[in-house]
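# A look at the structure
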Amino acid sequence: MSAEAMSTSPDTQVIHSGRQIDPATGAITAPIHLSTTFERGADGSYPQGYIYGRSGNPNRDALETALTTLEQGCATATFASGSAATFSLLQTLGPADHVIAPQSVYFGVQQMLSQIFAPWGLSYTLVDTTDLTAVAETLRPNTRLVLIETPSNPQLAVTDIRAIAALTHQANAYLACDNTIASPVLQTPLTLGADFAIHATTKYLAGHGDVIGGAVVTRVPNPLFDQLRLIQTIGGTVPSPFDCWLTLRGLQTLPLRVRAQAQVAQAIATWLTEHPAIERVLYPGLPDHPGHSVAQGQMQGYGGLLSFLVKGDQATAMGVAAKTRLIARATSFGSPHSTIEHRASIEKGTQTAPNLLRLSIGLEHKDDLIADLEQALER
Ligand SMILES: *Cc1c(COP(=O)(O)O)cnc(C)c1O
């Protein structure tokens, strides 16, 4: 039995999938293959299957294999960023097609739809994807792709993946689920009916705040994924060998990190709900969160990201973020270092409340993070 076939749990898969002991040297950890080109056989063939670094590279193959295994799909295309992954998936569509995306879609995706794809002819509708009736009413005969993000950023809204998959497939469209916030440890959209899982590997998968990357995993072979592979290798927005190596290294601790971060997030979310300076906490693990029961039915834990509304206005919220000491004021999430961010001031024109702060739980001790928040929330 191969090591791949023996890896049934994500904990084992992250150590073994896409990895083999280097046959040339016996190295347990794979080398980084920087070579841009690969030698042809005397007969003109490519004996190892590699031709040129843009079309394929051993480190990229290793990462794609591991992500395919974790998401329980059949193939993965990796990209130089999470944005490039979504951008490339949208590029597989034609100008006559229609796309549905969440009202609260990742800000960068909203920008690419409005500023790049709409002028090119692709039509799209932003809808509250937690409202199944609204999604059903938005589907058109030319809707080719429905894009969801669950939990969403920064509202942590939960979309019912199984229900949306059924609606989408009835309409002969594809469903893509951005799984960045949950990670495949807590949620596997392809097993719930989604056709594609999208990742900003920049966040939890690489997990150390030191590499930007993205991926699209497909459940089964299909024409969109064939086109995506073409866009990846001909368009060339590929991750470097070192990017792939770093991401694969970070992936080894993904289950340990994500479960620990989710546990601390749950404790901090609960602590914040009882704090007098807090108006509301948005975290799918809280029983009063509107998406809690759907999340319970499709997630194995609620993740390391939460948002909270402080009592007051934008200045009050900025004032809290200004006072944290351990928690860094920075965008992004999924790093060992906890970060806090005032979202409304960077995503101008969205519905994000001016008193909302998003908190990404890192790997610091829970008590130290609570002490930091306690002193930052003091008036
Ligand atoms: C960060 C993020 C992206 C974009 O990823 P980049 O690597 O920054 O381009 C897309 N979707 C979600 C949900 C994200 O959090």
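See above for the structure.
Attention here is on the structure that accompanies the text. Given the structure is predicted, the values throughout are model-derived calculations rather than measurements.

With that settled, consider the packing of aromatic side chains. Going through the model one piece at a time under the given rule, you end up with six aromatic pairs. The interplanar angle of 75° and the centroid separation of 5.8 Å between the aromatic rings of Phe-117 and Trp-120 together place this pair among those described as edge-to-face. Within this pair, Phe-117 and its partner Trp-120 are both found in helix H5 (residues 107-120), separated by three residues, close to a single helical turn. Overall, Phe-117 belongs to the buried group, its relative accessible area being 3%. Put simply, the rings of Phe-87, Phe-117 and Trp-120 pair up and form one aromatic cluster.

Turning next to the side chain of Ser-360. Tracing the backbone shows Ser-360 in strand S12 (residues 356-360). For Ser-360, a relative accessible area of 2% gives the class buried. Among the polar contacts made by the side chain of Ser-360, one reaches the main-chain amide nitrogen of Gly-334 at a distance of 3.2 Å. Aside from chain neighbours lying at most four places away, what touches Ser-360 is Gly-304, Leu-305, Ser-332, Phe-333, Gly-334, Ser-338 and Thr-339.

Bringing the pattern of salt bridges into the picture now. Overall, the coordinates contain eight salt bridges when judged by the stated rule. Arg-144 serves as the salt-bridge partner of Asp-97, at 3.5 Å between the closest nitrogen and oxygen. Here the residue Asp-97 occupies a position in the loop between helix H4 (82-91) and strand S2 (98-102), and Arg-144 occupies one in strand S4 (residues 143-149), the gap between them amounting to 47 residues. Each of Glu-341, Arg-343, Glu-347 and Arg-358 takes part in one network of salt bridges that share partners.

Next up on the list: the sheet that holds strand S10 (residues 328-329). Read from one edge to the other, the open sheet built from five strands follows the order S8-S9-S12-S11-S10, with strand pairing classed as mixed. Either end of the sheet is taken by a strand with one partner, and the two such strands are strand S8 (278-282) and S10. Across two bridges, the pairing between S10 and strand S11 (residues 339-342) is parallel. Looking at S11, one finds that Arg-329 is bridged to Ile-340. Running over the sheet, helix H12 (residues 314-323) touches strand S9 (305-310), S10, S11 and S12 and is turned about 160° from S11.

With that out of the way, let us pick up a positive patch on the surface. There is a patch of like positive charges on the surface, built from Lys-311, Lys-323, Arg-325 and Arg-379. By the element assignment, Lys-311 lies in the loop between S9 and H12. A relative accessible area of 42% means that Lys-311 is categorised as partly exposed.

Now for helix H7 (residues 161-170). Among the residues of H7, those classed as buried are Ile-161, Ile-164, Ala-165, Leu-167 and Thr-168. Viewed end-on, H7 has its buried residues packed into an arc of 165°, placing them on one side of the element. Here the buried face of H7 lies against helix H6 (132-138), S4, strand S5 (174-178) and helix H11 (292-298). Just beyond H7, the residue with positive phi is Asn-172, at close to 60°.

Cut-offs applied
Residues numbered from 1 in each chain as written. Predicted model: local features only at pLDDT ≥ 70, side-chain atom pairs only at ≥ 80, totals over all residues. Heavy atoms only, no water. Phe/Tyr/Trp six-rings, centres within 6.5 Å; stacked < 30°, edge-to-face > 60°. Helix = DSSP H or I, 4+ residues; strand = E, 2+ residues; numbered from the N terminus. Buried < 20%, exposed > 50% of the residue type's maximum accessible area, 1.4 Å probe, protein only. Polar contact = N/O pair within 3.5 Å; in protein donor to acceptor, adjacent residues only side chain to side chain. Contact = heavy atoms within 4.5 Å. Salt bridge = Lys/Arg side-chain N within 4 Å of Asp/Glu carboxyl O. Pairing = 2+ DSSP bridges. Axes fitted to C-alpha atoms, helices over the stretch in contact; angles between N-to-C directions. Patch = residues over 30% accessible without salt bridge, like charges linked within 9 Å, V, L, I, M, F, W, Y side chains within 5 Å. Areas by Shrake-Rupley, 256 points an atom, 1.4 Å probe, with all protein chains shown as cover. Lys, Arg positive; Asp, Glu negative; His and termini not counted. Charge placed at Lys NZ, Arg CZ, Asp CG, Glu CD. Arc of directions from axis to C-beta.

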